[in-house]
Amino acid sequence: MKILFVSLGCDKNRVDTEVMLGMLHSRGYDFTDDESEAEAAVVNTCCFINDAKQESIDAILELAELRKSGQLKALIVTGCLAQRYKDEIQDEIPEVDEILGVTSSDKIIEAIDETLARNTIFSHKNYFDDINKKPVGGNDRIITTGGLFNYLKIAEGCDKHCTYCIIPKVRGNYRSVPMEQLLDEARKLAEQGISELLIVAQETTLYGTDLYGEKKLPELLHKLCEIEGFKWIRVLYCYPEEITKALIEAMKSEPKVCHYLDIPIQHADDDILKKMGRRTNQKELIERIEMIRGILPDIAIRTTLISGFPGET
């Protein structure tokens, strides 16, 4: 049985896809990129912005035609669009057999096995666990990045509730993955030849606060640097107000950690930042970046900005 996997959206979604691929591989399923060879298909969707939503819908509709013709024996939809629009997908795209919520990707084997076993026209079943279900690390993954880099997702969800962002409603509250599980998963990636590890989450800087009562990203970086095989470790998605001197000092002390941060500031006008629900103002942003550059003068900083926010002239 060959399965076609379509993974859309962010790198956190990619990690979820790789975990599902690993589970299905352990079950004995094979994979293909060729629609004509596939007997089942899984679409891991995104709904963060309208373009991403439309891309996900188009992918589902294309595969729904193959399901309707009988070429596909199962069509499974998961990810953020599935979480947010479960009822709409079920009502408007009846060719979708099963829908998995964002915390139910561990049910992927059951979903495909049951659909194929029922062998009905369209089976229609949903798997939705608690949106705040604790995340689990240490997973066996099928690498899809094609080479030397991959991602380590250290947490799930977000507590910030910025006014433009749907993530907390779709992905739930901020939940860290236990450190030992992360280290186990990182070792497995290193054993598969990954030399650049990218640390990701909806927000990396708060890692550990829910589990250990304090920010543990600096400690995690130190322990990741002890793993043989990694040459570079890169940190993404750092909220500016949560970046501490301890984190920057840890980056400075570890040769494997790239002098690079992804700091989405979103805007630099105080009124717009307030309307966005952001927790910094322009003065604080400048002070934080000056602190970072004072410790790491050669640091490269990547950011994300929104223009045309409602109320902006």
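Figured I'd write up the structure that's included with this text.

Procedures and definitions
- Residues numbered from 1 in each chain as written.
- Predicted model: local features only at pLDDT ≥ 70, side-chain atom pairs only at ≥ 80, totals over all residues.
- Heavy atoms only, no water.
- Phe/Tyr/Trp six-rings, centres within 6.5 Å; stacked < 30°, edge-to-face > 60°.
- Buried < 20%, exposed > 50% of the residue type's maximum accessible area, 1.4 Å probe, protein only.
- Helix = DSSP H or I, 4+ residues; strand = E, 2+ residues; numbered from the N terminus.
- Pairing = 2+ DSSP bridges.
- Axes fitted to C-alpha atoms, helices over the stretch in contact; angles between N-to-C directions.
- Contact = heavy atoms within 4.5 Å.
- Core = buried A, V, L, I, M, F, W, Y, C linked by side-chain atoms within 4.5 Å.

1. Points about the packing of aromatic side chains
Reasoning step 1: Per the stated rule, a full pass over the model turns up two aromatic pairs.
Reasoning step 2: Where Phe-149 meets Tyr-151, the ring centres are 6.0 Å apart and the plane angle is 85°; that geometry is what we call edge-to-face.
Reasoning step 3: Overall, Phe-149 belongs to the partly exposed group, its relative accessible area being 31%.
Reasoning step 4: Here the aromatic rings of Tyr-164 and Phe-309 are separated by 6.4 Å at their centres, their planes lie at 85°, and the arrangement is edge-to-face.

2. A closer look at unusual backbone geometry
Reasoning step 1: Positive phi, normally seen in glycine, also occurs at His-161, with a value near 55°.
Reasoning step 2: Phi at Gln-266 takes a positive value of approximately 70°, unusual for a residue other than glycine.
Reasoning step 3: Relative to the assigned elements, Gln-266 resides in the loop between strand 12 (257–262) and helix 11 (270–275).

3. A short note on the sheet that holds strand 5 (residues 98–100)
Reasoning step 1: The sheet built from six strands is open, its strands ordered 2-1-3-4-5-6 with parallel pairing. Looking at the sheet topology across the chains shown, the edges are occupied by strand 2 (30–32) and strand 6 (125–127). In this sheet, adjacent strand axes meet at a mean angle of 25° when their direction is disregarded.
Reasoning step 2: Sheet topology note: the strand 1 (residues 2–7)/strand 3 (residues 40–45) ladder contains five bridges and is parallel. Each residue of the ladder has a partner; that of Ser-7, found in strand 3, is Asn-44.
Reasoning step 3: Of the strands in this sheet, strand 1, strand 2, strand 3 and strand 4 (74–79) touch helix 1 (residues 11–27), which is tilted by about 170° from strand 1.

4. Some remarks on the nonpolar core
Reasoning step 1: Ile-154, Leu-224 and Leu-261 are the most contacted members of the largest nonpolar core, which has 42 residues in total.
Reasoning step 2: For this core, the secondary structure elements donating two or more residues are helix 7 (179–191), strand 10 (196–200), helix 9 (217–225), strand 11 (232–235), helix 10 (245–253), strand 12 and helix 12 (282–295).
Reasoning step 3: By residue number, the principal contributor to this core is helix 7, which donates six residues.
Reasoning step 4: Counting 25 residues, the second-largest nonpolar core is a separate cluster that includes Ala-64, Leu-66, Leu-72 and Ala-82.

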